[in-house]
Amino acid sequence: MAEPVRRTPALRRLAARLGGAVFVLWAVATLTFFAVRLIPGDPAEAILGGPGSQASAEALASVRAEYGLDQPILVQYLAQLGRLAGGDLGRSYALKLDVGPLVLSQLGGTLVLAGLALALAWLIALALATWSTRGGRIAARVGSGLEIVAASLPHFWLATALIVLFSIWLGVLPPISTPGPAGLVLPVLTLALPLAGFLGQIIREPLLTALESPFVLSALARGESARGVRWNHAIRHAAIPAISLSGWAFGSLISGAVVVETVFARPGLGRTLLNAVTVRDVPVVIGVVMVVAVAYILMTLLTDAATRIADPRTRAR
Amino acid sequence: MSDLELQAELGLGARRQGATRRPRRIAVAEGLAGAVALFLVLSAVMPQLVAPGDPLAIDPLQAFQPPSLPHWFGTDESGRDLYTRVVHGTGNSLLIGVLATTIGLGLGVLLGTLAGMLGGFVDFTVNRVLEVLFAFPGLLLALLVILIYGPGVATATIAVGLSTAPGYARIIRAQLVQVRSSAFVEAATVQGLTPRRILARHILPNTLAPLLVLATLGVGQAIVWATALSYLGLGAQPPAAEWGAMLSAGRTYITSAWWMSFFPGLFIVLTAVTATTLGRAIERRMRHA
Amino acid sequence: MSAHPVTPAAGPAGPPALRVRNLSVGFGRSGADPVVSGISFEVAAGECLAIVGESGSGKSVTARTLLGLAGADARVQADEMSIAGASVLALSEASWRRRRGRDVGLVLQDALSSLDPLRPVGREIADSLRLHTTLAPAERSSRVLELLDSVGLPDGELRSRQRSGELSGGQRQRALIASAIALDPPLLIADEPTTALDVTVQAQILELLERIKRRGTALILISHDLAVVSRIADRVAVMSNGRIVETGPTHEVLGRPRHAETRAMVAAVPAGKPRGTLLAAPRAAGPAAPATAAAAAAAAAASAATSAATATPRPARAAAPDIGPAIVLEATGLTKGFRMPGGTRLLAVDDVSFRLERGTTLGIVGESGSGKTTTARLVLALSAPDHGEVRVLGRPWSSVSEQDRRPLRTSVGAIYQDALGSFDPRLSVRDILRHAVALDGPRRPDTGRPALFGAHNGEAQARVAELLDRVRLSPALLDRRPLELSGGQRQRVGIARALASRPQILVCDEPVSALDVGVQAQVLDLLDELQRELALSLLFISHDLGVVQHVSDRVAVMNEGRIVEQADAPSFFASPTHPYTRRLLSAVPRLP
């Protein structure tokens with residue numbers, strides 16, 4: 001039991017993780033490249049405005065040459081990989097803009113939205129979990145019921161309900177995301193509440209387990225107060241599983257952003273993606289997907305690191 | 001981790017707590033969830049019984065009526081009764097949810113079992129594939145499918161099914177691996193059971209037992225996602241009586257007729273909460289039956 | 001550092017460190033039976049009182065009540081409860097908090113979970129100082145180092161930065177004790193402080209507690225094991241069903257136990273009891289009715305008689321079928337290594353050889369990490385040795401394929417430490433045994449599948465009933481799942497399952513180490529009886545030399561993957577040769 005724990009050299013582990021990340025990125029690029037070949041119809045036609053545009057043969061040919069669509073598929077694939085590796089995401093069919101700058105200009109808004117929502121969700125979840133595990137059986141029932149309901153709230157409906165309540169009835173907040181802090185309140189709240197429901201459910205059980213564990217009894221026997229036990233001991237145990245789910249939370253926030261940005265007419269990655277899907281603007285879709293994949297992978301790497309810092313036990317494994 | 005895995009973890013993971021306690025009686029929440037589920041199923045199978053009107057009957061004189069005794073949920077822009085429409089939409093919405101879950105669960109079981117049983121190279125490959133699919137978090141995979149095949153009810157259903165499959169696959173695989181290396185499987189080996197009998201008698205039943213729970217939890221999730229796609233205009237289209245499509249239609253009139261958005265959404269929330277509550281109740285009972 | 005009287009005598013000089021009169025603790029409805037009812041005791045400075053009882057006897061609730069930690073829904077009543085002369089009855093939570101750690105300290109079992117696994121142990125110890133003193137952080141750290149040193153943990157600088165998971169079981173327990181005595185409280189309560197520790201470590205921890213006691217601290221030691229507490233307790237109080245049924249000086253209580261419960265506990269200690277002695281009073285099958293004192297006394301007398309009868313060389317075991325070889329199990333040169341993270345190889349089992357003779361018990365004893373569990377897995381062919389071979393009934397076992405080994409599997413039964421984990425959680429006791437019985441029965445000629453199957457097969461049912469009867473389980477338990485059984489009942493189901501295939505060899509891997517001493521006694525008695533009646537050969541693997549001494553005809557001691565000493569039991573215990581064996585033997589808890 002007392003064997004000194006041997007650790008895999010940090011560099012080797014890091015290299016393995018980065019290798020894995022690069023592999024996933026390559027696979028995502030490959031998958032999307034070949035997946036969009038499945039789209040029925042001629043991409044050149046799509047670029048020129050779809051089958052209804054009745055583009056001339058010359059126009060089609062020039063577009064094919066411009067976008068490299070006349071090359072063999074393997075050449076196109078390698079060229080695409082090369083471009084992606086260089087950070088070039090191609091050109092939008094519909095907007096006739098470079099996708100890279102377009103996506104980057106939308107990224108900031110979404111990150112602000114997601115970041116604020118994540119912070120708020122954590123706050124709500126922690127507050128609810130600590131309150132409801134302290135206040136006896138009824139509080140616990142109410143707390144866990146609230147969490148289940150919150151987690152079941154679809155973003156699009158919650159957004160609508162919040163708009164009706166705060167914008168139309170109370171008239172205190174804008175129904176559309178105007179620039180400035182007031183315009184952020186409802187979108188952030190919409191994203192945060194369901195996530196808080198999930199986080200709360202994740203926190204609750206380890207929190208209860210920790211509060212009943214022998215080390216808490218030991219701490220109490222040392223003269224620690226109920227509050228001290230909660231904040232010095234239990235909260236950390238409760239937070240670790242939720243921290244390790246940050247990758248998932250990020251994904252769920254991005255999904256939610258698609259809806260929330262649409263409802264509140266807020267510029268961002270999600271709305272850009274939805275518009276691109278609707279008009280089949282393939283390069284933009286691929287661009288957003290690639291950016292999200294990169295962000296997701298970064299997030300999982302960060303999560304891993306955070307978990308290792310928060311929970312020294314995982315370092316031994 | 002996917003939404004589904006999380007749901008499952010929360011549903012199945014409750015076993016650590018009070019594992020030896022039998023549920024005493026049907027809790028209030030479980031009873032309520034059962035009643036709601038019954039109502040929803042009845043609405044889906046025999047909507048005429050629950051709401052005798054015609055969901056598509058237009059009555060322009062009655063347009064935009066707020067909730068009242070004759071129109072419990074109010075009326076929409078064409079004077080159609082919203083209560084009737086919501087009830088008649090249950091069938092569509094539930095069907096989409098069930099179909100999507102079936103697709104996702106079927107694929108997930110297939111991939112998860114292959115990986116968990118065959119191990120080695122297959123396991124490695126399946127795991128890499130899942131890892132890649134997880135880099136399309138949440139709705140992203142569904143949106144990609146819709147990009148390729150175009151919007152519509154069928155596509156949306158398949159898209160939601162496909163995007164839940166990786167989650168199911170990982171749960172099934174993890175469960176399989178855990179059961180396979182469990183002490184009771186070793187004990188069966190020591191007893192002299194053949195690998196085939198161990199598989200049939202111990203490994204498969206214990207791996208697949210959580211499927212019912214997973215499916216229940218998953219249907220709720222699938223309905224939320226599918227209605228989200230309809231809401232975004234990528235699934236069922238108005239004037240179809242489908243919850244997401246109705247919400248989408250109500251969006252235009254949100255300032256004047258809040259009820260057009262409120263009630264269809266309420267049914268979605270009810271369904272999701274019911275599915276979660278029932279899923280957990282089934283899990284608790286299965287452990288102690 | 002001692003502000004308390006050093007003399008252990010409870011003189012009339014001052015008030016006792018703790019005095020409790022007529023304490024009752026109940027939970028839930030006010031009409032419900034109290035968990036602790038009307039107990040009285042006191043402990044003087046420098047004295048050790050042991051409170052002994054089986055699980056559920058109310059001893060742990062008593063301990064928590066003495067710290068005001070019985071819980072919000074507990075109803076505590078007493079005529080008096082005072083620590084160092086000051087009443088602690090009806091204290092507010094705030095004043096309890098000021099006393100906990102300062103006036104009374106608590107040491108729980110298994111410091112892996114009793115110290116916060118996420119915090120360095122130094123911080124845990126310093127917490128006591130932070131809560132009760134005005135010391136600056138630097139002063140606290142230097143005091144922590146002193147404390148670690150005083151509990152026998154050198155390298156304080158390093159240790160205080162480690163977390164409980166990085167320490168060995170003994171080191172952890174020392175750290176936990178350090179955190180409890182940081183403020184030198186006049187009263188220290190230790191609740192099963194050595195359970196789950198290796199015997200040598202257990203002896204060291206007991207020594208440490210004794211040192212603390214001699215320094216003038218009043219010590220309450222709570223345990224289910226009389227032999228453990230008898231080492232350092234001055235007085236013993238025996239608890240049963242929430243009452244103290246007997247109390248007195250240790251040597252008196254152990255020497256002349258008056259109450260049936262005490263007698264049963266004394267009898268249950270396996271160390272030093274000759275082979276075949278009954279450890280538990282015979283009880284009725286199923287949920288045992290509380291035996292009347294008279295009946296229990298009679299039973300104890302009977303067991304004493306049996307003990308006298310079997311102390312003489314045991315009669316050759318009945319009806320050993322003289323089919324097959326005399327050596328039923330043979331291991332030669334078994335070696336098994338594992339790759340450790342980081343690339344080094346650890347030889348878990350290193351050139352281990354032994355033979356098990358028909359109808360006898362070979363005990364393999366070793367502390368954690370000695371390789372005994374790996375040995376069990378090799379014997380059960382759950383993993384393959386790197387070198388060496390296992391033969392069963394003279395036939396090759398480890399060297400053949402699983403398919404070729406399978407016919408022979410019915411000859412080798414096994415029971416495990418974690419009986420619960422060894423059962424399919426979906427199956428009821430009935431199903432578990434039905435499956436096991438079917439496996440042994442004849443096969444249908446057409447399909448080759450077991451014929452003895454199906455819920456309504458009369459023969460199968462009869463076999464299941466017979467097995468239940470063999471292990472003294474009530475048929476009422478048939479439809480329960482193992483999760484709903486007690487630890488002892490689970491192990492009996494495990495034994496019944498192992499017997500279903502009528503094995504000749506029974507491999508027992510730590511079969512009683514998860515059980516209370518009282519239940520352990522019953523299971524050991526059962527194994528002994530089964531061995532005699534069924535002519536079983538037992539490979540008995542345990543960390544507990546006391547148990548091994550009681551059950552074995554031959555003993556092998558493992559340390560660091562090797563067998564360091566192997567001999568027939570009488571000569572082994574009479575004259576151990578290896579120093580490790582001697583150390584182990586001297587650490588075994590036994591009654592004086």
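All values reported here derive from a predicted model rather than from experimental measurement.

*Asks:* Teacher, can you tell me more about the overall build of chain B here?
*Replies:* A count of helices and strands for chain B gives twelve helices and zero strands. Starting at the N terminus and ending at the C terminus, chain B contains elements arranged as α-α-α-α-α-α-α-α-α-α-α-α. Considering only residue pairs separated by 6 or more positions, chain B has 70% of its internal contacts joining residues 24 or more positions apart.

*Asks:* Sorry, what's going on with helix α13 (residues 372-379) of chain C here?
*Replies:* It helps to recall that an α-helix has 3.6 residues per turn; residues three or four apart then point in one direction. Burial of α13(C) is extensive: six of the eight residues sit out of reach of the surface. Of the residues one or two after α13(C), Ala381(C) is the one with positive phi, at around 55°.

*Asks:* I'm lost on the UniProt feature "transmembrane region" (unreviewed entry) in chain B in this one. Help?
*Replies:* Residue and element names in this part refer to chain B. Per the UniProt record, the feature "transmembrane region" (unreviewed entry) sits at residues 26-46, 94-122, 129-149, 155-172, 211-236 and 256-278. Between the C-alpha atoms that bound residues 94-122 there is a distance of 35 Å. The span itself is 97% helix and 0% strand. Secondary structure across residues 256-278 divides into 87% helix and 0% strand, with the first and last C-alpha atoms of the span separated by 36 Å.

*Asks:* Help me understand the interface of chain B and chain A in this model?
*Replies:* For an interface, size is often stated in terms of accessible area lost upon the parts coming together. Opposite the 50 residues of chain B that make contact, chain A presents 48 residues. Approximately 4400 Å² of surface area, both sides summed, lies buried where chain B meets chain A, with 78% of it carried by carbon and sulfur atoms. Between the two partners, chain B and chain A, sit zero salt bridges. Linking chain B to chain A there are six residue pairs in polar contact (both at pLDDT 80 or more). Counting only elements with at least two residues in the side of chain B that touches chain A, the list comes to α1 (3-12), α5 (120-134), α6 (140-149), α10 (211-231), α11 (243-251) and α12 (259-288) of chain B. Per element, the largest residue contribution to the side of chain B that touches chain A is ten residues, and it comes from α12(B).

*Asks:* Teacher, can you tell me more about the packing of helix α5 (residues 99-134) of chain A against helix α10 (residues 226-243) of chain A here?
*Replies:* In a pair of packed helices, the angle between the axes and the distance between the axes together describe the arrangement. Residues and elements named next belong to chain A. With their axes 12 Å apart at the nearest point, α5 and α10 run at an angle of 130° to one another. Of the possible angle classes, the one that applies to α5 and α10 is oblique. Here α5 runs over α10; the crossing is right-handed. Only Arg-230, Trp-231, Ile-235, Ala-239, Ala-242 and Ile-243 of α10 make contact with α5, whose side of the interface consists of Trp-122, Leu-126, Thr-130, Thr-133 and Arg-134. Residues of the contact of α5 with α10, tallied by class, amount to seven nonpolar, two polar and two charged.

Rules used throughout
- Residues numbered from 1 in each chain as written.
- Chains lettered and ligands numbered in written order.
- Predicted model: local features only at pLDDT ≥ 70, side-chain atom pairs only at ≥ 80, totals over all residues.
- Heavy atoms only, no water.
- Helix = DSSP H or I, 4+ residues; strand = E, 2+ residues; numbered from the N terminus.
- Contact = heavy atoms within 4.5 Å.
- Buried < 20%, exposed > 50% of the residue type's maximum accessible area, 1.4 Å probe, protein only.
- UniProt positions renumbered as here; feature names shortened; annotations may be inferred.
- Buried area = accessible area lost by both parts, 1.4 Å probe.
- Salt bridge = Lys/Arg side-chain N within 4 Å of Asp/Glu carboxyl O.
- Polar contact = N/O pair within 3.5 Å; in protein donor to acceptor, adjacent residues only side chain to side chain.
- Axes fitted to C-alpha atoms, helices over the stretch in contact; angles between N-to-C directions.
- Parallel < 35°, antiparallel > 145°, perpendicular 65-115°, else oblique.
- Left-handed = near helix turned anticlockwise from the far one by under 90°.
- Nonpolar A, V, L, I, M, F, W, Y, C, P; charged D, E, K, R; others polar.

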